[in-house]
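The lines below spell out each chain.
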Amino acid sequence: MMTIVYFLLGFILVYFIVLHAIYLLLVLVGSVQIRKYNKGITFAEFDRIARSNLSMPVSIIVPAHNESAIIVNTAENLLRLNYPAHEVIVVDDGSTDRTLDVLIDHFKLRRVEKHGPKRLETEKVKAVFESDEHPNLVVVTKENGRRADAINAAVTMARYPLLLVTDADSVLEPDGLLHMARPFLIDSRIVASAGVVRPSNGLILEDGVIVQRGLPPTMLGLNQEVEYARSFQWSRTGLCRLNSMLCISGALLLVKKNIFEKLGGSWAKAITDDIEFTIRLNKHIFDRKEKNGGKLVFTPDAVCFTEVPESAKLYASQRNRWQRGTFEALFRNWRMILNPRYGMTGLFGMPFFILFEAFAPLVEITAYILAVGLLVAGVVGWTEVVILFFLAYITGIFLSLLAVLLTEMSRLRTASWVDFWKMIAAILTDNLGYHQWRQLAAVVGMFQYFLFRRRDLGARMERIGEGAAGA
Amino acid sequence: MDILGPEILRIATNLSVLLTLLSLLLLAFIIVIRLRSEWRATHSSRYRHRVEPLVAGFVTGRRAADEVAPELGRDPDEALALLMQVSEHLEPSDRPKLQPLFALLPVKTDLREQLKHRQWEKRLAAAERLGYLGDHGTVTELIAALKDEVLVVRFAAARSLVALRTADAVDPILLAFDVPGELNERRTAEILHEMGSDAVAPLLDVVRNPGGKYSESVLNVASRVLGMLQAKEAAAPLSALLDHPEFRVRLNAARSLGAIGDRSTLTAAAKLAADPSWEVRNAAVQAIGKLHGTAEIDRLVAALADSAWWVRFSAAQALFSLGEPGITALKTSARDAADRYAREMSTQVLTEHGALPSGAQS
């Protein structure tokens, strides 16, 4: 028995050391990349992109299922983006609320006959609408499928060579699309670009335009602000440089349409279609045998705000789904794991993702259980447990502060000193229950995925509604 | 206690103390960074608030350069950034008005040297700033910078040369970006387009000598810019390129002829509606629409049944743009065309434009 305990303890210690060593590496690589990116931006470059007739036009895709409370604001926000040529395609994915009606009423839509250049297999499209007031708005209504199915239906209608996939609860900064598209205008090898995602709870919008930035009002929301800052500020930038960015958030992905179609679109049955698609995209790009070529980029100054759950129940449900989706996506592409055919992606990215992302919650929860067990059995004392947990706690704080440092050096820095200290407070409290709660939800999700073969999408987010954050 | 061992606990304790200290230092550093950013933002905002009206007054002729000079000298870096920003917001024809103010800034010599700096970031900054300073004495250095190993530096140098309106630089710019790929062609075209009519003569030389020293990529850029500038004198040489063996050259020529709008080129452009490349056919039907080619309606109707969606779409849009005769042809096609895709596309474009009653209305 003690041999197993020794083995587990040793494994957890090594795991902890390796994980944080990789995190530190990602911080270093990420900060170098961000500096390089910022230095490469020339004066008035974004103004020129906004003015040019030769900037590549973009089709923005917004899948929406029962989003009547927020969809008008989202569409307004996207229509007002500062970009020379873009269309917005909203897909009403079989909503049972008034999503389609509010769109028809607000934008004075009329039904049109419309067929796109290429047809991906999707659930049946019932009708297509356009607006005389907004010639670049298209609304598609279809039978209910999953998010991926709605995206595929929109791609069928898309006319432009770049696709921006976002969520119905997402809000982009007015210049966000310019920042996302810039890499495509510089380097023809780029096939997809990912941007930064931040919580929208706390934003104030007027007619779809951000008029004031703020932080989420609840502690749970604030902790997610810190979590997103860590994840996007250095983690993705570093992983991208190492050809290992295996998750591009579905809230902000810009991809070349021909590549999207070549890959057969999003996988309609996916629990988390964004992770699954990103892994397939990596597979396509880094396959040394096929030599398709291409590059993925992370754009550290393109920002999209998305609504995060502020109730513990919805938060747990979201993490449960993400965890199940992660496993599903990894197993669907298991041949990439440790496969030299995919270069760094196969040899580092996939093992890192499976060991330190997918299994991290399990290892952590096991550590807690083990600690309690050993404490109860009297094998270890309080002092030892406190020292080890404090080490984990302070390491987390240090890494989060590094994310804040990178944030403060960018234009994403907190708007006021009050918000700054709120962020610091969230960092100090994150590991005092919130972090453990999301890890527990992930472990539950993992067991449900393996033992009960759970593949549904879980509970739906409750929207805050018009005018406020996330709307 | 034994299970972990005293060594591990000692290391953990020391590490915890170290990380606590590092975290406190990091927090202090973040606060300093934040304070410095705030100070910079306030300083910049105050400076701009004070100097911007003076610069605006100078541009409109209400103030002399002497009145603005002391403020510019107080913070040359901030002044340069401000003048560059003001310059970007002016019409290109008004930008030379700022030159006397740029000339007052004591940064030119530094920038010339900086163009040879070993760090590409410095070279980039120098290359882009020199264009705003408006000193034609820097043209030689900027042309040399077109051979920089870093692409963005080359592009910045090209933009600066264009800002200086140096027609002699057109040729070196074309040759500096003579790399295959549509993207580079687009970016080069974008830059040369900013030069305006000054670029027309050297670009005409390129399209008139397609077999000379210029590659097809250069030919594409020249064609494209002439189209964007709507240079009427380019219509004849561009028509001659419609028979070029390379499809991208034909494509750009057809596209530019449509943009120039010289109706005498209609027949030549319309012939490309039967080109083997769908992209060329697409550009050709678009050109027919832009050239108001009512004489080519039959060709457009035939293109409604093209195998490529984009050609069918552009043909339907071109028919619609021709007015009554085109719309009638579209309506006939929507009703009677033998080809299902032709019917579908005709209906689509007619309903999009509200020329055909749609199904369920809101």
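Residues numbered from 1 in each chain as written. Chains lettered and ligands numbered in written order. Predicted model: local features only at pLDDT ≥ 70, side-chain atom pairs only at ≥ 80, totals over all residues.

### As for the overall build of chain B
Looking only at helices and strands, chain B has 20 helices and 0 strands in total. Here the C-alpha atoms of chain B give a radius of gyration of 30 Å, more than 25% beyond the 21 Å that 2.2 N^0.38 yields for 362 residues. Reported as C-alpha extents along the three principal axes, the dimensions of chain B are approximately 85 × 75 × 45 Å. Across the 362 residues that make up chain B, the buried fraction comes to 41%. Partitioning the intrachain contacts of chain B with sequence separation of at least 6 by distance along the chain shows that 62% fall at a separation of at least 24. (Helix = DSSP H or I, 4+ residues; strand = E, 2+ residues; numbered from the N terminus. Rg over C-alpha atoms; globule rule 2.2 N^0.38 Å. Buried ≥ 20, exposed ≤ 12 C-beta atoms within 10 Å, placed from the backbone. Contact = placed C-beta atoms within 7 Å.)

### Some thoughts on the nonpolar core
All names here are of chain A. Membership of the largest hydrophobic core comes to 121 residues, with the highest contact counts inside it found for Ile 89, Ala 154 and Ala 181. The element that contributes the greatest number of residues to this core is helix α13 (residues 382–408), accounting for 12 residues. Composition of this core by domain shows at least three residues from each of domain 1 (2–25 + 344–451) and domain 2 (36–311). If we ignore the near neighbours within four places in the chain, the residues touching Ala 181 are Ile 49, Ser 55, Met 56, Val 58, Leu 162 and Leu 254. (Core = buried A, V, L, I, M, F, W, Y, C linked by C-beta atoms within 7 Å. Domains from an automatic or database assignment.)

### Some remarks on the domain arrangement of chain A
Residues and elements named next belong to chain A. Each assigned domain of chain A is listed with its residue range as follows: domain 1 (2–25 + 344–451) and domain 2 (36–311). Averaged C-alpha coordinates put domain 1 and domain 2 at centres separated by 30 Å. Facing the 26 residues of domain 1 at the interface are 23 residues of domain 2. Broken down by element, the side of domain 1 that touches domain 2 gets its largest block of residues, 8 residues, from helix α14 (residues 417–451).

### Section: the interface of chain A and chain B
Across the contact, 44 residues belong to chain A and 43 residues belong to chain B. With 13 residues, α13 of chain A is the largest single contributor of residues to the side of chain A that touches chain B. Across the side of chain A that touches chain B, the residue classes tally to 25 nonpolar, 7 polar and 12 charged. (Nonpolar A, V, L, I, M, F, W, Y, C, P; charged D, E, K, R; others polar.)

### Observations concerning the packing of helix α11 (residues 200–208) of chain B against helix α12 (residues 216–228) of chain B
Residues and elements named next belong to chain B. Interaxial distance between α11 and α12 falls to 9 Å at its minimum, and their mutual angle equals 135 degrees. Our classification of the angle between α11 and α12 gives oblique. Of the two elements, α11 crosses α12, and the hand of that crossing is left-handed. Of the residues in α12, those in contact with Val 200, Leu 203, Val 206 and Val 207 of α11 are Val 218, Leu 219, Ala 222, Ser 223, Val 225 and Leu 226. (Axes fitted to C-alpha atoms, helices over the stretch in contact; angles between N-to-C directions. Parallel < 35°, antiparallel > 145°, perpendicular 65-115°, else oblique. Left-handed = near helix turned anticlockwise from the far one by under 90°.)

### Concerning the environment of Trp 310 of chain B
Structurally, Trp 310 of chain B is set in helix α18 (residues 309–321). Linking Trp 310 of chain B and Ala 283 of chain B, residues 27 residues apart in sequence, is a C-alpha distance of 9.8 Å. Each residue touching Trp 310 of chain B, except ones within four places of it in the same chain, is listed here: Pro 117 of chain A together with Trp 278 and Asn 282 of chain B.

### What about the confidence of the model for chain B?
One rule of thumb: low pLDDT means the predicted coordinates there are not for detailed reading. Residue and element names in this part refer to chain B. Looking at chain B, the pLDDT average stands at 89 and 97% of residues meet or exceed 70. The secondary-structure element of chain B with the lowest mean pLDDT is helix α5 (residues 108–114), recorded at 77, while helix α17 (residues 297–303) shows the highest, at 95. Among the prediction metrics, the complex's ipTM stands at 0.89, with pTM recorded as 0.89. (pLDDT = per-residue confidence, 0-100.)

### Regarding helix α16 (residues 278–290) of chain B
Residues and elements named next belong to chain B. Given a rise of 1.5 Å per residue, 13 residues ought to cover 18 Å, and the 18 Å separating the end C-alpha atoms of α16 matches this to within 8%. Burial analysis of α16 places 10 of its 13 residues in the buried class, which makes it a mostly covered element. Residues of α16 that are buried include every one of Val 280, Arg 281, Asn 282, Ala 283, Ala 284, Val 285, Gln 286, Ala 287, Ile 288 and Gly 289, and no others. Where the residues of α16 are buried, they touch α14 (247–260), α15 (266–271), α17 and α18. A positive phi of about 50 degrees marks His 292, the residue just after α16. (Expected span 1.5 Å × (residues − 1).)

### Some remarks on the packing of α16 of chain B against α18 of chain B
All names here are of chain B. Relative to each other, α16 and α18 sit at 5 degrees, their axes nearing to 8 Å. The angle between α16 and α18 places the two elements in the roughly parallel class. Residues Trp 278, Arg 281, Asn 282, Val 285, Gln 286, Ile 288 and Gly 289 of α16 pack against Trp 310, Val 311, Ser 314, Ala 315, Gln 317, Ala 318 and Ser 321 of α18.

### A look at unusual backbone geometry
Residue and element names in this part refer to chain A. Phi at Lys 108 is positive, roughly 50 degrees, even though this residue is not glycine. Tracing the backbone through its elements, the reader meets Lys 108 in the loop between α4 (99–107) and β3 (109–112). What makes Lys 108 partly exposed here is the crowd of 14 C-beta atoms within 10 Å. Even without being a glycine, Leu 338 presents a positive backbone phi close to 55 degrees. Looking at the secondary structure, you find Leu 338 in the loop between α10 (312–332) and α11 (343–358). The class of Leu 338 is partly exposed, set by 13 C-beta atoms lying within 10 Å.

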